[in-house]
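Fold and geometry: a report
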Amino acid sequence: MNTPSTLNSFQFARHGDKQNSAFFEEYLQKLLEERDQLGLTDMIQEIDAMMITVDPDHSIQYIAELSLMTSYHYLVTLESEQHWTHVMRIDLNSPDLLVREVKDPNFRGIFRSLNEIYPVGARKPNSRYMGEIIRVTNMHEVVKLQEEREFRFFTQDEVRKLELPGNVAISKPSPYTHNIIGYMKREPDELRVYALGISTIRADVHAAYELAKKLQAKLRIDDLILPVDHLATRVYSQNREVAILEYLSWSSYYFWGAYNIWDQNSSTNVTKSVHGFSETKSPAKVFTANNTPYFVNHLEKLPSPTETFVRNYGPRLHHVALSVKDGSRDGLENIEFVVNAIASEGKGFLLDVIGSKEEGLKQIFSNASEHSSLIIEYVQRYNGFNGFFTRDNVAKLTEAAGVEEGVLEAQAKLSHARHK
């Protein structure tokens with residue numbers, strides 16, 4: 001017999017002005033009530049890890065990039081037949097980062113196929129964010145209940161062939177986000193262990209990590225960059241509501257709210273942990289989608305940065321946002337100090353730092369990584385800012401991401417091909 005959750009997924013205030021459909025509101029209520037009643041909300045806890053795959057010979061450079069731009073540390077490498085999986089960690093109060101490198105450029109797997117039908121995504125066929133591993137208190141019961149709700153998992157044999165951790169129950173890729181979800185049983189005070197391959201500390205990876213961390217300390221930003229704040233996924237306009245409802249069904253998150261970003265023809269939708277964990281322990285999950293599908297753009301003459309991204313890369317994670325410690329250094333706000341330091345090492349940004357102390361926060365997007373295609377966002381919130389973002393900031397960030405180099409180049413090639 002299932003024990004109902006002691007938590008109430010509807011105890012939180014709704015934010016924003018985005019109007020959802022009657023379908024969304026009806027099934028948001030039904031699905032979360034069911035989740036609470038089944039005890040899933042209690043059993044499903046925080047995000048324990050985030051999984052990223054990169055193409056052959058890219059993981060060392062990517063780990064060096066992450067070591068400079070984030071607070072992650074290289075821990076260990078797990079070697080399997082077709083992959084290196086590098087584990088990066090801050091501490092047990094923040095999610096791990098699993099950077100998975102395909103060894104053979106000719107290797108073909110299910111996750112590669114999710115890239116290859118998209119013009120920009122196909123250029124780095126193995127480079128993609130895969131999804132999250134979520135801590136659970138009772139793996140058998142959570143998987144059983146989710147399968148009864150018609151959610152599908154890879155079999156243990158399939159997980160072995162995919163060379164993913166054997167102690168994690170892995171979902172099939174979402175039809176809406178192309179991401180997977182993993183469940184891993186772990187008590188709060190237990191170490192995270194991933195049952196995969198042979199564990200080693202690779203000298204070449206460790207050397208690249210050490211060099212980047214020494215540079216980070218030299219630039220005096222090592223104490224300013226905090227853990228992950230949120231993960232932002234972009235989906236097709238017609239999949240916005242179902243992608244959110246699906247993720248809420250897999251997780252123990254609630255719908256915080258959504259804002260219409262009218263001048264960018266999009267909406268930004270936020271989900272957060274019911275358990276009240278800080279975002280640095282269990283990052284918020286953000287879903288961004290166009291308000292209208294691409295095929296009406298020529299009629300409506302509306303901007304379409306989000307739909308354009310999805311059409312070129314596929315539905316996927318767009319950026320990882322990191323918190324920056326509130327305060328200032330050498331006469332600059334910490335976020336500006338961090339950005340200036342990283343830019344001095346040749347890393348580009350899509351725009352200047354936007355926002356203000358008066359508005360409550362400042363934000364900026366980096367250029368997309370050549371190794372993972374992910375953008376890093378830095379966000380500094382002032383004096384316990386009461387809110388998640390401001391509409392003006394989101395509009396400017398969305399616009400800047402819309403002129404990201406890979407997307408523009410793909411659009412130019414398509415336009416050229418049409419007019420030949």
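Described in the following lines is the structure provided in the data block. Per chain, residue numbering runs from 1 following the sequence as it is written. It should be noted that, the model being predicted, local features are given only for residues of pLDDT at least 70 and side-chain atom pairs only at 80 or more, the latter also being counted only at that level, while totals for whole chains, interfaces and linings use all residues. The side-chain figures draw on all heavy atoms in the structure; neither hydrogens nor water molecules are used.

As a rule of thumb, nonpolar side chains are buried together in soluble globular proteins. For the purposes of this section, nonpolar cores are sets of buried Ala, Val, Leu, Ile, Met, Phe, Trp, Tyr and Cys residues that join through side-chain atoms within 4.5 Å. Only protein chains enter the accessibility calculation, which uses a 1.4 Å probe; a residue is then buried when its area is under 20% of its type maximum, exposed when over 50%, and partly exposed in between. Met50, Leu97, Tyr183, Ile221, Leu231, Val338 and Tyr378 are the most contacted members of the largest nonpolar core, which totals 76 residues. Discounting residues that sit within four places of it in the chain, Met50 has contacts with Tyr72, Pro95, Asp96, Leu97, Leu98, Tyr129, Gly131, Glu132, Val228 and Leu231. Pairs of residues are marked as contacts when any of their non-hydrogen atoms sit within 4.5 Å.

To continue, consider the sheet that holds strand β17 (residues 354–356). Two strands pair under a simple rule: DSSP has to find at least two bridges between them. Per the convention used, a helix needs a DSSP run of H or I reaching at least four residues, while a strand needs a run of E reaching at least two, with both numbered from the N terminus. One open sheet holds the nine strands; their spatial order is β1-β11-β12-β13-β10-β14-β19-β18-β17, and the pairing between them is mixed. The open sheet has two edge strands with one neighbour each: β1 (15–16) and β17. Pairing analysis gives six bridges linking strand β10 (residues 225–235) to strand β13 (residues 284–290), with the strands arranged parallel. Pairing of Ala232 across the sheet is with Val286, part of β13. Geometry is summarised by axes, namely lines fitted to C-alpha atoms with helices restricted to the contacting stretch, and by angles between N-to-C directions that run from 0 to 180 degrees. The strands touched by helix α3 (residues 59–69) are β10, β14 (316–324) and β19 (375–381); relative to β19, the strand with the most contacts, the crossing angle is about 10°. Sitting on the sheet, helix α11 (residues 334–343) touches β10, β14, β18 (361–365) and β19, and the angle it makes with β19 is about 150°.

In this section: the packing of aromatic side chains. Each pair of aromatic rings taken from Phe, Tyr and Trp, with Trp reduced to its six-membered ring, is defined by centres within 6.5 Å and is described as stacked if the planes are under 30 degrees apart, edge-to-face if over 60, and tilted in the remaining cases. The final tally for this structure, using the stated rule, is 13 aromatic pairs. When the centroid spacing of 6.1 Å and the interplanar angle of 45° are considered together, the rings of Phe153 and Tyr183 count as tilted. Here Phe153 is found in the loop between α5 (139–148) and α6 (156–162), whereas its partner Tyr183 is found in strand β8 (residues 180–185), with 30 residues between them in sequence. This pair shows no difference in class: Phe153 is buried, exactly as Tyr183 is. Centroid distance Trp256 to Tyr259: 6.4 Å. Interplanar angle 45°. Geometry classified as tilted. What makes Trp256 buried here is its relative accessible area of 6%. Cluster of aromatic residues (ring-pair linked, three or more members): Phe151, Phe153, Tyr183 and Trp250. Either the NZ atom of lysine or the CZ atom of arginine qualifies as a charge over a ring when it sits within 6 Å of the ring centre and within 35 degrees of the ring normal. The ring of Phe277 is capped by Lys281, whose NZ or CZ atom sits 5.5 Å from the centre of that ring.

A few words on helix α8 (residues 240–250). Counting buried positions along α8 yields ten of eleven residues, so the element is predominantly enclosed. Of the positions making up α8, those classed as buried are Arg240, Glu241, Ala243, Ile244, Leu245, Glu246, Tyr247, Leu248, Ser249 and Trp250.

To continue, consider the pairing of strand β5 (residues 96–102). Regular strands show a simple pattern: their side chains alternate between the two faces of the sheet. With seven of seven residues buried, β5 is to be regarded as a mostly interior element. Alternating positions in β5 separate into two faces, Asp96, Leu98, Arg100 and Val102 on one and Leu97, Val99 and Glu101 on the other, with burial throughout. Here six bridges tie strand β2 (residues 44–54) to β5, and the two strands are oriented parallel to one another. Across the sheet, Ala49 pairs through a bridge with Asp96, a residue of β5. Across six bridges, the pairing between strand β4 (residues 83–89) and β5 is antiparallel. From the neighbouring strand, His83 faces β5, where its bridge partner is Val102. Linkage of β4 to β5, two consecutive antiparallel strands, is achieved through a turn of six residues.

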